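# Structural characterization, general
Given next are the chains, with one letter for each unit.
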Amino acid sequence: MSVSVFIDGAAGTTGLEIRERLAGRDDISLVLLDDARRKDPAARAEALNDSDFVILCLPDDAAREAVSLIANDRTRVIDASTAFRVADGWTYGFAEVEPGQANAIAEAKRVSNPGCYPTGFLALLRPLVRAGLVPVDWGISVNAVSGYSGGGKAMIAEYEGVNPPPASRAYALSLAHKHVPEMQKHARLEHPPIFTPSVVNTYRGMIVEVPLALYRFPRRPTLLACETALREAYPEGGLIRIAEGDASAVQVEDDAGTDRLTLRVCGNADIGQARLIATLDNLGKGAAGAAVQNLNIMAGLDPLAGLTV
Ligand SMILES: NC(=O)C1=CN([C@@H]2O[C@H](COP(=O)(O)OP(=O)(O)OC[C@H]3O[C@@H](n4cnc5c(N)ncnc54)[C@H](OP(=O)(O)O)[C@@H]3O)[C@@H](O)[C@H]2O)C=CC1
Ligand SMILES: CC(=O)N[C@@H](CCC(=O)OP(=O)(O)O)C(=O)O
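Everything numeric in this text was worked out from a predicted model, so none of it was measured.

## Considerations on the sheet that holds strand β10 (residues 206-213)
Backbone hydrogen bonds hold the strands of a sheet together, and the pairing may be parallel or antiparallel. On the basis of which strands lie adjacent, the open sheet formed by 7 strands has the order β8-β9-β7-β10-β13-β12-β11 and mixed pairing. Edge positions in the sheet fall to β8 (168-170) and β11 (240-242), since each has one partner strand and no second. Averaged over all pairs of adjacent strands, the angle between strand axes in this sheet comes to 20 degrees, irrespective of strand direction. One ladder, built from 4 bridges, connects strand β7 (residues 141-147) with β10; its direction is antiparallel. Bridge pairing in β10 links Ser 146 to Met 206. In the packing of helix α8 (residues 223-233) onto the sheet, contacts are made with β11, β12 (261-268) and β13 (273-280), and the angle to β12 comes to roughly 170 degrees.

## Quick look at the side chain of Arg 264
Examined against the element boundaries, Arg 264 turns out to sit in strand β12. Although buried, Arg 264 forms no salt bridge, and the nearest oppositely charged side chain, Asp 254, lies 4.5 Å from it. Here Arg 264 is in contact with Leu 124, Ala 243, Glu 244, Ala 247, Val 250, Arg 275, Leu 276, Ile 277 and Thr 279, once residues within four sequence places are set aside.

## Re the UniProt feature "active site" (unreviewed entry) in the protein
Using the residue numbers shown here, the UniProt feature "active site" (unreviewed entry) corresponds to Cys 116. Mapped onto the elements, Cys 116 comes out in helix α5 (residues 116-130). Setting aside anything within four residues of it in sequence, one finds Cys 116 in contact with His 179, Met 206, Leu 280, Asn 282 and Gly 286.

## What to know about the domain arrangement of the protein
When cut into domains, the protein gives domain 1 (3-113 + 287-298) and domain 2 (116-282). Surface buried jointly by domain 1 and domain 2 totals about 1,700 Å² across both partners, of which 48% is contributed by carbon and sulfur atoms. Joining domain 1 to domain 2, the criterion identifies 6 salt bridges. Here Arg 85 ties to Glu 182 by a salt bridge, and the two come within 3.2 Å at their closest N and O atoms.

## Some words on the site of ligand 1
The environment of ligand 1 is made up of 25 residues, and the closest members are Thr 13, Thr 14, Lys 39, Leu 58 and Lys 153. One of the side-chain N or O atoms of Lys 39 is found 2.8 Å from an oxygen atom in ligand 1. Arg 44 places a polar side-chain atom, nitrogen or oxygen, 3.4 Å from a nitrogen atom of ligand 1. Among the elements of the structure, α1 (13-22), α3 (60-69), α6 (152-159) and α9 (284-298) are those that each provide at least two residues to the shell around ligand 1. Residues that form the shell around ligand 1 fall into these classes: 8 nonpolar, 9 polar and 8 charged. Looking at the shell around ligand 1, you find at least three residues from each of domain 1 (3-113 + 287-298) and domain 2 (116-282).

## Overview of the sheet that holds strand β4 (residues 76-79)
Strand order across the open sheet formed by 6 strands is β2-β1-β3-β4-β6-β5, with parallel pairing between neighbours. The outermost strands of the open sheet, each flanked by one partner alone, are β2 (28-31) and β5 (91-92). Here 4 bridges tie strand β1 (residues 3-8) to strand β3 (residues 53-56), and the two strands are oriented parallel to one another. Counted as the bridge partner of Ile 7 is Ile 55 from β3. Strands β1, β2 and β3 of the sheet are contacted by α1, whose axis makes an angle of about 160 degrees with β1. Contacting β1, β3, β4 and β6 (110-112), α3 crosses the sheet at an angle of about 160 degrees to β3.

Reading the values: the criteria
Numbers given to residues run from 1 along each chain, matching the order in which its sequence is written. As they are written, the chains are lettered A onward and the ligands numbered 1 onward, keeping that order. Restriction of local features to residues with pLDDT of at least 70 applies here, the model being predicted, together with a cutoff of 80 or more for giving and counting side-chain atom pairs; totals for whole chains, interfaces and linings are based on all residues. The basis for the side-chain values is all heavy atoms of the structure; hydrogens and waters are excluded. For two strands to pair, DSSP has to find at least two bridges joining them. Only runs of H or I of at least four residues qualify as helices and only runs of E of at least two qualify as strands under DSSP, and these elements are numbered from the N terminus. All axes here are fitted lines through C-alpha atoms, helices being fitted over the stretch that makes contact, and every angle between N-to-C directions spans 0 to 180 degrees. Whether two residues touch is decided by their heavy atoms; if any such pair falls within 4.5 Å, the residues are in contact. Each residue's exposure class comes from its accessible area (1.4 Å probe, protein chains only) as a fraction of the maximum for that residue type: buried when under 20%, exposed when over 50%, partly exposed otherwise. We count Lys and Arg on the positive side and Asp and Glu on the negative side, and we leave His and both chain ends out. Each reported salt bridge corresponds to a side-chain nitrogen of Lys or Arg within 4 Å of a carboxyl oxygen of Asp or Glu. UniProt positions are given in the numbering used here, feature names are shortened, and annotations may be inferred rather than shown by experiment. By convention here, the domain bounds are inherited from an automatic or database domain assignment. In this description, buried area is defined as the sum, over both parts, of the accessible area (probe of 1.4 Å) that is lost when the two are combined. When we say a residue is near a molecule or strand, we mean one of its heavy atoms is within 4 Å of it. Contacts described as polar in this section are N or O atom pairs within 3.5 Å, which, within protein, must combine one atom able to donate a hydrogen with one able to accept it, while residues neighboring in sequence count only if both atoms come from side chains. Three classes are used: nonpolar for Ala, Val, Leu, Ile, Met, Phe, Trp, Tyr, Cys and Pro, charged for Asp, Glu, Lys and Arg, and polar for all others, with Gly counted as polar.

So, in structure tokens, the structure goes:
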């Protein structure tokens, strides 16, 4: 018995990655629209309503439109866009972020896939907030670097065109990036984090970093206490792994081409300053890998089926 899955936006960067991960699975029957019909609302409405699951790999407005086209209460949705990540009635599709979240996803009709940057940020910070090591009212910064496929087809064309942008470009300078509300809500912080992303001239991969002046915190947690909280939050054998914090450097491509997420607690224990560092693939655990993981969980299949650890 297989479940039917329609990928709306299957010709896009994330959609293609999801197709690759689902291709050849005999527990999934893929529903795809040909090029002439893939943007036809009537054809999309039919596929959206005929499938057990739909995965939306669309710009935000098109994702909202797709949801509005579903006229039955059977079809279950995984949305890869930003449209519903802080919306009521949607379950946040980050199975590891809270105890019990995988069960909530398993039961949900509407699941919003996390953003790529929030995936790294929340994996690092949420366990420390939950353990009371980081106060909820602390001013938090998150610095990050992404490969250019994070900007979808348009940015890929820009970087692979005749006049590619420079090697590294800082953006979101007005501190109003679309991922900030999601980061604040799901980390359960009282204030928006200061988020400083850059895009670099490599196709895929990312580094997400949270620097912490631990010596100023009320409980003065050590680096070891932070690492222990992360190890307790993420059991071995899943997509999230904790590496030793003694690396001399990390690279944006460290987890590129995989669906894993690597966390490290680095820093200077003598001073009490930490660099919490996550590496992941923006198209892996940051998008397609997370969507497939959510599909597996919702359909009651092996959570890691089709994923590369
Ligand atoms: N790239 C990444 O690393 C990540 C992306 N996401 C999110 O996933 C979603 C998809 O992103 P990404 O794959 O990068 O974007 P792309 O631009 O690469 O792909 C989007 C696809 O949607 C298609 N599309 C646009 N409007 C419609 C419509 N009305 N009906 C049907 N198809 C439509 C586009 O068609 P056409 O080919 O004709 O342009 C394109 O194929 C976005 O919401 C993005 O924010 C989330 C996490 C990471
Ligand atoms: C490099 C780059 O431009 N990245 C995109 C984020 C990509 C992404 O994945 O956005 P969602 O997760 O919200 O869909 C950006 O900063 O807007």
